[in-house]
There are 4 protein chains.
Amino acid sequence: MIIVLKPKAKKKDADEILKQISSAGLKPLYLPGTERTVLGAIGDERILENLHLDNHPLVDRIDPILTLYKMVSREIHPKDSIVKIGSLPIGGKKCALIAGPCAIESKPQLLATARAVKESGGHCLRGGAYKPRSSPYSFQGLGVEGLKLLKEASQKHDLPTVTEVIEVADIEYVESYADAFQVGARNMQNFRLLKELGQSKKPVILKRGMSAKLEELLLAAEYIVAEGNPNVILCERGIRTFETAFRNTLDLNAVPYLKKRTHLPVIVDPSHGTGLKELVLPMARAAIACGADGLMIEVHNKPKVALSDGKQSLSPKEFRTFVQNLKPFISAVNKTV
Amino acid sequence: MIIVLKPKAKKKDADEILKQISSAGLKPLYLPGTERTVLGAIGDERILENLHLDNHPLVDRIDPILTLYKMVSREIHPKDSIVKIGSLPIGGKKCALIAGPCAIESKPQLLATARAVKESGGHCLRGGAYKPRSSPYSFQGLGVEGLKLLKEASQKHDLPTVTEVIEVADIEYVESYADAFQVGARNMQNFRLLKELGQSKKPVILKRGMSAKLEELLLAAEYIVAEGNPNVILCERGIRTFETAFRNTLDLNAVPYLKKRTHLPVIVDPSHGTGLKELVLPMARAAIACGADGLMIEVHNKPKVALSDGKQSLSPKEFRTFVQNLKPFISAVNKTV
Amino acid sequence: MIIVLKPKAKKKDADEILKQISSAGLKPLYLPGTERTVLGAIGDERILENLHLDNHPLVDRIDPILTLYKMVSREIHPKDSIVKIGSLPIGGKKCALIAGPCAIESKPQLLATARAVKESGGHCLRGGAYKPRSSPYSFQGLGVEGLKLLKEASQKHDLPTVTEVIEVADIEYVESYADAFQVGARNMQNFRLLKELGQSKKPVILKRGMSAKLEELLLAAEYIVAEGNPNVILCERGIRTFETAFRNTLDLNAVPYLKKRTHLPVIVDPSHGTGLKELVLPMARAAIACGADGLMIEVHNKPKVALSDGKQSLSPKEFRTFVQNLKPFISAVNKTV
Amino acid sequence: MIIVLKPKAKKKDADEILKQISSAGLKPLYLPGTERTVLGAIGDERILENLHLDNHPLVDRIDPILTLYKMVSREIHPKDSIVKIGSLPIGGKKCALIAGPCAIESKPQLLATARAVKESGGHCLRGGAYKPRSSPYSFQGLGVEGLKLLKEASQKHDLPTVTEVIEVADIEYVESYADAFQVGARNMQNFRLLKELGQSKKPVILKRGMSAKLEELLLAAEYIVAEGNPNVILCERGIRTFETAFRNTLDLNAVPYLKKRTHLPVIVDPSHGTGLKELVLPMARAAIACGADGLMIEVHNKPKVALSDGKQSLSPKEFRTFVQNLKPFISAVNKTV
């Protein structure tokens, strides 16, 4: 840890801080400069955090040298982790295709969509039973009824499932009906929820918050893993920028950046990530090309009547073409469908 | 509602949509143009939302004419609402000063800080018992123990209190120990939490999310009010932008913008909003000058040893000067301390 | 054009505006609603702009129906434009590889780099003679001396060239030594420069500004084309967001979005767009996969001693591997190297 | 300067870099850690920049300790600078009110507006003769004709003037007709223009770019001052964020932040900064309350027919009320009108 003092800091101020570093069991360093004094502390920086040196009035700023996340870091665990949703491995040679409606609306809707997903080569069914919506007057999901439909569709079409959990109290229901949890962008820093999911053994797809830095996403994953659940899959789904042409700005830079720093699998949701159906295929191709371990795609048996996000959903026929169209890119990265 | 069709839409596509508008009980309008056809629907737009016309493949875009929020809107309720935290009215002639530590750390810390707040003219004590922190390795709060200390400090120094609630399961504890709930920026769209708070009668300070548009903040407030709790106070606390000089970019434009559109009180937190102690006073003065109904300020009896956010906390002595310094600005807006 | 009036607007206010619309030669529409009145104007909206109805105190907002750009729009010119830099066609079946140093530093540097570009299969040489730098104390480029070196390298290695122009007065020099102009992100809205480039016949690579919306990029291109030079190539090079992990956030969504709306070629600069060497190859692959017509890559014969942007530059050996690595992706989009 | 090496860096790599630091005449420091090695360099960091250590493959990152700007820094020049536009001092006890139309449109428009500015207590007349506009089809300004009208209005109403310069070639015209240059947001990093303005003695109002960090604004000012013109006034005019409720997000945090770091005067433009007339007065009051040295306000004799930005312009009558309304806030900061 590097501690830059303010110009007016005196030798005795530096000594005071150096003493604190020493007594925390770290090695202190004194680096007087011509205009500023810089101090260093060598050792585990997490210990030092408890000294709260950044509160010191003569400390100008502190630059950490190590990352704050540990268990999700590739420095600790260099090999790729493979996380399984049901029988579907994510993070290895297979490019995982997770597809389904934004919201579970009815039995006919879900079964028809599940069949379409399966027939076109999708590997996992998604569908929301609990929907976080900006307006209290929008459709909020079917709840447990939706979870039961998801289970039924899963069994009928032999597809593992993932569904969003938005509240600690719902974890046990979701766990008993679905094969994986999804934590949505709005809940990426709902730390209580993350901790409880750390108690489960079922995998968690953790979506990046709309204004979350990648380091914050990794720290959110650390919350889950530190509690004992190593089965976390990170998902890029678009960030909020000044650009109004798209609903969100899908940030594919996140994929190679994360893959280099963490052993966890990284998937991409170009449907929410762009909000425009015309961008789903090209951005899905790009996601694969830059190293994504899988995709999450909105498919709806009748997009025109979807209760949410119909504008960005593919029809069964469009999804079939979509999967065909991806194949050359999956081959180009030496993966398989 | 204005519905702009795509260039290739034909007369019969327009007719199909117009028929849907009619059967929903709204008045349809047909506006053929030289390059594009535009349709209109006159009546309650919330009805129309259920038709999901934005999913229609020939609809280019839809522009709502009315706002999506109703109960928090000034159009419905033109007079300022006054919300009371204990005996403290917020939203009227008094400029409310809410102050206290970021986190409740110990009895001596909280009592000393509460005394300082009271002695300098603060009206309400803040302090977090449940802390949402980016890293799982940071201090997470004292929990119920902290709530009890808050109650004790409240009684000893005759100050109403506000504290953050981060989870539905904690609502009843917070409700029994504090005078107001705070919903933090990370939970602004934790809709389940908002709905449950709508069942309470105690006031809720709702902080703007780090990347929340003001319309989304108003809709989040609508969640609480629509469930039956009209006692909502909005709080601007900084947004995330490209600027790295401050921790957040305090967006004071929000204050006059919100005050014009909603009858709810609007307060400002310049401590979190900037993250820099040197900016707290000037931005507090600016907040008052542009119409804020109150301020939320971090005060700590010993900022140098604070377990969180010490860098932006004022000491008791600094807080005393701070309050003195605000007075001419409070007078300039015809309010009282 | 749709004109939404404020709630307090009366029938006579609407009439006054409708009369203005009529006298401008457009067809007026009157749409009284239950809560708001909406007016419409059918015809060429550019005429209407001169009425400045948005200044009217009773107008709440105006929603244009048509795009503001015309000549660069695919609606006017549905077929892809192919723009030639020297003999290199951009926008067709070939995936153009433009490469070279950020700044021209010396004859040995440029010649060695040009040779490396040519040998590895690059099609065009880039190199800056005039460098816009944030700090006045950083290297500012060699000026005309650099342009002469560029010409020499071009002839020696049979590579067409592109170089940045930052000032109207330099246009004639750049035009006489290079095959294409580059307008940098900081000058995307230097409208005087754009207009003057519209007088040239040489192609212009127009880079997106750091906070430019895609519609603004298209309007900037319209400036050049409207003056008589149709040879514009758009370039995505990263936008500024809250994320600090990368120098910029390369926004690949721009590629399919622009390709759908304009006939102009679109290329991508992943070197500046990310600022991290490790991201250049994966993001270049992604750019091709989502439809880019070419790439702009920083290559330096000795990145370790580069006077600018060495951190993101590829060495000759790295560039060779880079080009090889792209080939399967270029094939997957049915293009050729 | 602090140099953090990558984990795989060996002792000999560190030695190589330390040797470079030494030979540049700086004092090298070697700080081996348990997980990373950190190096230091004590002395003038600007020398070190020429070593381009950030290009070194084993350097993870470099943290400068000193600011990159010098001449505009308060560390060098602790006392406030007062810059005079004509006879109007900016940066001292007077709160400067610069007002006028966005664009000069005609003699009657400018003279009527100038009279209104003068009569209400404005100190300086603004008005654009060269207008940078996003669309090539919008009004572009009257050019030299406009400058002449500005001069005439200046003499008739005894008001010093400021007008935008967008191109090096126009500097001499602007210099001969106006009392101060304005550099607009889009040209904040038009470094050639800045350097040329550094040759003039007339003051320059430098507006912050739409996505410019405050450090970049200070570096842009450094360009002008380093060339010999110390008369620079910084102007906050709104940044681009995700928020779409306002045209720009006026960032008042900039005011106290800049005032602490630079001796240059800082003014605020709430008209462009918000784009909404209803926000101009509250944000002007806030700007004064947080320490602005002056305001730049759009006033138009007939806002309803303004050729640009009418929506945010005040009428003469509104401007009179505006100035009256500001007075208590100007008193509260111990300044005078």
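Conventions and cut-offs
Residues numbered from 1 in each chain as written. Chains lettered and ligands numbered in written order. Predicted model: local features only at pLDDT ≥ 70, side-chain atom pairs only at ≥ 80, totals over all residues. Heavy atoms only, no water. Helix = DSSP H or I, 4+ residues; strand = E, 2+ residues; numbered from the N terminus. Buried < 20%, exposed > 50% of the residue type's maximum accessible area, 1.4 Å probe, protein only. Least-squares fit on C-alpha atoms with pLDDT ≥ 70 in both. Contact = heavy atoms within 4.5 Å. Salt bridge = Lys/Arg side-chain N within 4 Å of Asp/Glu carboxyl O. Buried area = accessible area lost by both parts, 1.4 Å probe. Nonpolar A, V, L, I, M, F, W, Y, C, P; charged D, E, K, R; others polar. Phe/Tyr/Trp six-rings, centres within 6.5 Å; stacked < 30°, edge-to-face > 60°. Lys NZ or Arg CZ within 6 Å of the ring centre and 35° of its normal. Pairing = 2+ DSSP bridges. Right-handed = clockwise from strand over helix to strand, strands pointing away. Axes fitted to C-alpha atoms, helices over the stretch in contact; angles between N-to-C directions.

Novice: How should I be thinking about unusual backbone geometry in this particular structure?
Specialist: Apart from glycine, the bulk of residues carry a negative phi angle, and the bulk of peptide bonds sit in the trans form. Residues and elements named next belong to chain B. The backbone of N334 sits at a positive phi, close to 60°, despite the residue not being glycine. With respect to the helices, strands and loops of the structure, N334 is situated in the segment after helix 11 (316-332). What makes N334 exposed here is its relative accessible area of 54%.

Novice: I'm lost on the relation of the copies chain B and chain C in this one. Help?
Specialist: Two copies of the chain are present, and they differ by a rotation about an axis and a shift along that axis. For the match of chain B to chain C, the screw axis carries a shift of 0.1 Å, the RMSD comes to 0.1 Å, and the turn is 180°. Taken together, the rotation and translation describe the operation of a two-fold axis. Among all residues of chain B, the minimum C-alpha distance to the rotation axis is found for B:F242, at 2.1 Å. By residue overlap, the copies meet face to face through one surface: 100% of the interface positions of chain B are interface positions in chain C.

Novice: Sorry, what's going on with the pattern of salt bridges here?
Specialist: Where charged atoms from two side chains of opposite charge approach closely, those side chains can pair. Counted by the stated rule, this structure contains 68 salt bridges over all chains. A:R240 serves as the salt-bridge partner of B:E216, at 2.7 Å between the closest nitrogen and oxygen. Taken together, the positions of B:E216 in helix 7 (residues 214-226) and A:R240 in the loop between strand 12 (232-236) and helix 8 (254-261) put the pair across two chains. With a relative accessible area of 11%, B:E216 lands in the buried category. Note that D:E318 is salt-bridged to D:K277, the shortest N-O span being 3.2 Å. Note that D:E318 is positioned in helix 11 (residues 316-332) and D:K277 in helix 10 (residues 277-289), a separation of 41 residues in sequence. Looking at D:E318, the relative accessible area reads 31%, which means it is partly exposed. Among the residues examined, D:K277 registers a relative accessible area of 29% and is labelled partly exposed. Salt bridges sharing partners connect three or more residues here, namely A:R208, A:E236, A:D251 and C:E243.

Novice: Any chance you could explain the interface of chain B and chain C here in plain terms?
Specialist: The figure often quoted for interface size is the accessible area lost as the parts come together. Counting residues at the interface gives 24 residues for chain B and 24 residues for chain C. Contact between chain B and chain C buries roughly 2,000 Å² in total, counting both sides, with carbon and sulfur atoms accounting for 64%. The tally of links between chain B and chain C comes to zero salt bridges. Contributions of two or more residues to the side of chain B that touches chain C are made by strand 1 (2-5), strand 2 (27-32), strand 3 (37-42) and strand 4 (59-63) of chain B. When residues in the side of chain B that touches chain C are grouped by element, the largest group, three residues, is from strand 2 of chain B. When grouped by side-chain class, the residues that make up the side of chain B that touches chain C number twelve nonpolar, five polar and seven charged.

Novice: I keep staring at the packing of aromatic side chains and nothing clicks. Help me out?
Specialist: Counted according to the given criterion, the structure contains twelve aromatic pairs over all chains. Here A:F191 and A:Y223 contribute two aromatic rings whose centre-to-centre distance is 4.6 Å and whose plane-to-plane angle is 20°, an arrangement assigned as stacked. On the criterion of sequence distance, the pair formed by A:F191 in helix 6 (residues 191-197) and A:Y223 in helix 7 (residues 214-226) is long-range, its members being 32 residues apart. Of the two residues, A:F191 and A:Y223, both sit in the buried class. Measuring from ring centre to ring centre gives 5.9 Å for B:F319 and B:F322, while their planes differ by 20°; the resulting arrangement is stacked. Residue B:F319 and its partner B:F322 are located together in helix 11, separated by three residues, close to a single helical turn. The pair formed by B:F319 and B:F322 is uniform in burial state, with each residue classed as buried. Over the face of the ring belonging to B:Y257 we find B:R261, whose NZ or CZ atom lies 3.7 Å from the ring centre.

Novice: How should I be thinking about the pairing of strand 12 (residues 232-236) of chain B in this particular structure?
Specialist: Every other side chain in a regular strand lies on the same face of the sheet, so the side chains alternate between the two faces. Residues and elements named next belong to chain B. Counting buried positions over the five residues of strand 12 gives five, a clear majority of the element. Examined bridge by bridge, strand 11 (residues 204-207) and strand 12 share four bridges and lie parallel to one another. From the neighbouring strand, V204 faces strand 12, where its bridge partner is V232. In this region the chain leaves strand 11, passes through helix 7 and returns to the parallel neighbour strand 12; the handedness of that crossover is right-handed.

Novice: What should I look at first to understand the sheet that holds strand 4 (residues 59-63) of chain A in this one?
Specialist: Residues and elements named next belong to chain A. Pairing within the open sheet is antiparallel, and its four strands lie in the order 2-3-1-4. Each having just a single partner strand, strand 2 (27-32) and strand 4 make up the two edges of the open sheet. For this sheet, the mean angle separating the axes of adjacent strands, direction not counted, is 20°. The sheet contact formed by strand 2 and strand 3 (residues 37-42) spans six bridges and is antiparallel. Bridge pairing in strand 3 places L31 opposite V38. Packing against the sheet, helix 1 (residues 11-23) makes contact with strand 1 (2-5), strand 2, strand 3 and strand 4, and its axis sits at approximately 160° to strand 2.

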